[in-house]
Amino acid sequence: MASFLIIRASGEQDLLFSEEPTIRIGRLPQNEIRLDDPSVSRRHATFAHFGGHPILTDQESRNGTFVNGTRISSAALSRGDIIGIGAARIIYDPPLKGTVHSAGEEDAAETLIAPPPSGGPVQAASPPTELLETIADIARRSGTDRPLEELLNSILTLCVEKTGAERASIMLLNDAGQLVPCACHSTIPSSDPFAMSTTMARRAMADNRPHVIRVAAGSAGLDLSDSLCGLKTRSAICAPLASGESTIGVFFLDTTRHERHFGEVDLLFFSTLCALISEKISHYRLSEIAIEKRRLDAELRTATDIQAHLFPAEIPAIAGYDLSVHVHPCREMGGDYFDVFAVGGTFVVTIADVVGKGIGAAMLMSNLQAMVRSLAQQFSEPSLLLEKINADLISRVGEGRFITCFLMTLNPRNHRIRYANAGHNQPLLHRSSGGMLSLEVSGIPLGILDDSRYEAYETKLEDGDVLLLYSDGITECRGATDELFGEERLKALLDGASSSDTEDIRNAVFDAVDAFRQDEPYADDMALVVIKRR
C-alpha cells in the first residue's frame, strides 16, 4: 500500500494510504488528492503503476508538475520523492520491500547487520507519526528564507533530537568529486562530527539509496573505518543527496548507544528527508547562480559602456573627405578596434583585430587604443609607430595572443596617405577612374616577435576615390551553406556602391553580410571604416 504525505501551503498535513490503481491530483472534489489552490489545475496530475513502476504524469497542467524541483511531463517515482504541485508538497512512499542488507549478502562489507548486542533490549525507532511530524516541521523550516548553513544545522539538530542519533552531518561533492563538510551536529564530546565511512558513502551514492549499519562496534568481518571504530559506532545511516540525476553529496548520522539501532522506518524517514534537503540545496545553488549572473551581467554592462566610450564619440571632420565607421561585436564586448584622430595637420586612422572575443580581447583592445594615441604624439611615421607599439605590447599580450593592425596617416592638404600593416586584412581602394586595388603590404601581427620591423608605403587619393578598411569578421562570415562571404563579394559590393556616400556604402556592406548570413549566428566581431575623397 503506497502512502502520500500531503503538506499544504498552510502547513496542514494529510497522510493518504491507497491501493487504488490510479490516483488523481487536482482542484476538483472528485480527485483522490484534492488541492484547493488556484494555481492547481482541475485535473492536474495522475499517479498509476505501469509495468510495475509507479509513474506520475502531468495532465497538461497550466503551472506544471515537479518532482524534486524538476518540472516533468511523466516520471517514475522513488521512495522519498517530493512532488510539487502549486504551493503543496507531496512526499511519496511506496510499499516497504526491506532495504536493509542481511548478514548473508555478498559484497556488503559495511552494510551487514550483525546480531544485536546482548545485555538489553533494542530501542525501537521513533513512532512513524512522530517522524512524519518531524518531516512536516522540516518542510516548513525549508520554506523560510534562511541562510543555507543555518537551515541545515537546524535540520541536523532536529534529526539528532528525534531519532536518537548522536552525530549528524552533511557532506557535499566539490568540483573535484571529493566530499567536503557542509553542516554538522554532534552530542558526543570531543568527537569529529564529520568522521564517516567513505566506503559506506561511496556505496550509498553508487546505489542511489540509503545504507544502514547495525553492528556491535569491532565485530569480526566488518570493515568499519578507523574513525567509526574509534567512536565505537553501533548503528549508522548514510543516504545520498541528489539533484535530478546527479548526486551532490551524502547525509550521515550514527550512534554509539547499544540500545539504538536504525531500521526500516528510519530508512523511510531519511529517504524523505534527503529529498527535502536535496531540493533546498539545489534551489539555494540556483539562487546563488542567479545572483552571481546578475552581478556579472551588471559588471559586463559597465564594461560594455566603458568600451563604447573608448571609440571616438564623434568622427573628426576632415576637409575634403567623408568618413563612416561601424563596429559590431559578436558578443557584448569585442576585440575589433578603430580610431580616427588628429595629430598636428594630419589624421591618424587605424583599424585592428585582437585575436579572440569577449572581455579578454576587449581589455587588450583598450590597451592598444591607449598606446596608439600616446605614441602617435611622438612618432609620425606609421611603420615606426607600429614597431614601438609592438615593443610595448610584447610583454603584455600573453602567450597565444596577438593583434593585427593597419595604421595610416592622411594629409588632407596633399591628399597623400602613408601606411603600414601588421598582419591585418589589406584595405581595398576603389579608384574613381576605374579599377580596384588592395594595399598589398603586410607584416607580422603585433605581439608575436619582439624585433618585428614594418615597411611604410605611400599613395595619393584622387577625387571620388573610396578606401575601405575592414576586419576579417566581414569576409569570413559564414552563410547557411558554410560558405564564406569572402573578399570578392566585398569588392563587387564596393564597385557597385562606390558612387554613393560613405554612410550608404557602410550600410550596404552590413546589409549584404546580414542577408548572406541569414539566420546563422555571428561568429566574429566586425569593424569597417569607409573613407571617400569628395
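Being a predicted model, the structure only gives us computed values, none of them experimental.

A. A look at the overall build of the chain. Scanning the chain from terminus to terminus reveals 10 helices and 26 strands. Looking at the 534 residues of the chain, the share that counts as buried comes to 49%. Excluding contacts between residues fewer than 6 apart, the proportion of contacts in the chain whose partners are at least 24 apart in sequence is 63%. Carbon together with sulfur atoms contributes 49% to the accessible area of the chain, which is approximately 24800 Å² in total.

B. Representation of the sheet that holds strand 23 (residues 436-438). Read across the sheet, five strands follow the order 17-26-25-22-23 without closing on themselves; strand pairing throughout is antiparallel. At either margin of the open sheet sits one strand with a lone partner, and together these are strand 17 (321-328) and strand 23. Ignoring which end each strand starts from, the neighbouring axes of this sheet average 15° apart. In this sheet, strand 26 (residues 526-533) lies alongside strand 17 in antiparallel orientation, the contact comprising eight bridges. Paired with Val 327 across the two strands is Ala 527, which belongs to strand 26. The sheet strands contacting helix 9 (residues 486-497) are strand 22 (428-430), strand 23 and strand 25 (466-470), and the helix crosses strand 22 at an angle near 25°. Packed on one face of the sheet, helix 10 (residues 502-517) meets strand 17, strand 25 and strand 26 and runs near 150° to strand 26.

C. Structural context of the pattern of salt bridges. For the structure on display, the rule yields 17 salt bridges. Close ionic contact of Arg 489 with Glu 483 constitutes a salt bridge, the shortest N to O distance being 3.2 Å. The exposure class of Glu 483 is partly exposed, given its relative accessible area of 39%. By sharing partners, the salt bridges in this structure join Glu 381, Arg 416, Arg 418 and Glu 458 into a single network.

D. Summary view of helix 9. Taking 1.5 Å as the rise per residue, helix 9 with 12 residues should run 16 Å; its terminal C-alpha atoms sit 17 Å apart, in good agreement. Inspection of helix 9 places Gly 486, Leu 490, Leu 493, Leu 494 and Ala 497 among the buried residues, and these make up the whole buried set. Viewed end-on, helix 9 has its buried residues packed into an arc of 125°, placing them on one side of the element. Opposite the buried face of helix 9, at more than 90 degrees from it, the exposed residues are Glu 488, Ala 492 and Gly 496. Summarising the contacts, the buried residues of helix 9 are in contact with strand 22, strand 23, strand 25, helix 8 (472-475) and helix 10.

E. Broad picture of the packing of aromatic side chains. Considering all chains together, one arrives at six aromatic pairs under this definition. Note on Phe 485 and Phe 516: the rings are 5.5 Å apart at their centroids and 80° apart in plane angle, and the pair reads as edge-to-face. Separated by 31 residues along the polypeptide, Phe 485 in the loop between helix 8 and helix 9 and Phe 516 in helix 10 bring together distant segments of the chain. Phe 485 sits in the buried class, given a relative accessible area of 4%. In this arrangement the basic side chain of Arg 517 is found over the ring face of Tyr 522, its NZ or CZ atom lying 3.9 Å from the centre.

Criteria and thresholds
- Residues numbered from 1 in each chain as written.
- Predicted model: local features only at pLDDT ≥ 70, side-chain atom pairs only at ≥ 80, totals over all residues.
- Heavy atoms only, no water.
- Helix = DSSP H or I, 4+ residues; strand = E, 2+ residues; numbered from the N terminus.
- Buried < 20%, exposed > 50% of the residue type's maximum accessible area, 1.4 Å probe, protein only.
- Contact = heavy atoms within 4.5 Å.
- Areas by Shrake-Rupley, 256 points an atom, 1.4 Å probe, with all protein chains shown as cover.
- Pairing = 2+ DSSP bridges.
- Axes fitted to C-alpha atoms, helices over the stretch in contact; angles between N-to-C directions.
- Salt bridge = Lys/Arg side-chain N within 4 Å of Asp/Glu carboxyl O.
- Expected span 1.5 Å × (residues − 1).
- Arc of directions from axis to C-beta.
- Phe/Tyr/Trp six-rings, centres within 6.5 Å; stacked < 30°, edge-to-face > 60°.
- Lys NZ or Arg CZ within 6 Å of the ring centre and 35° of its normal.

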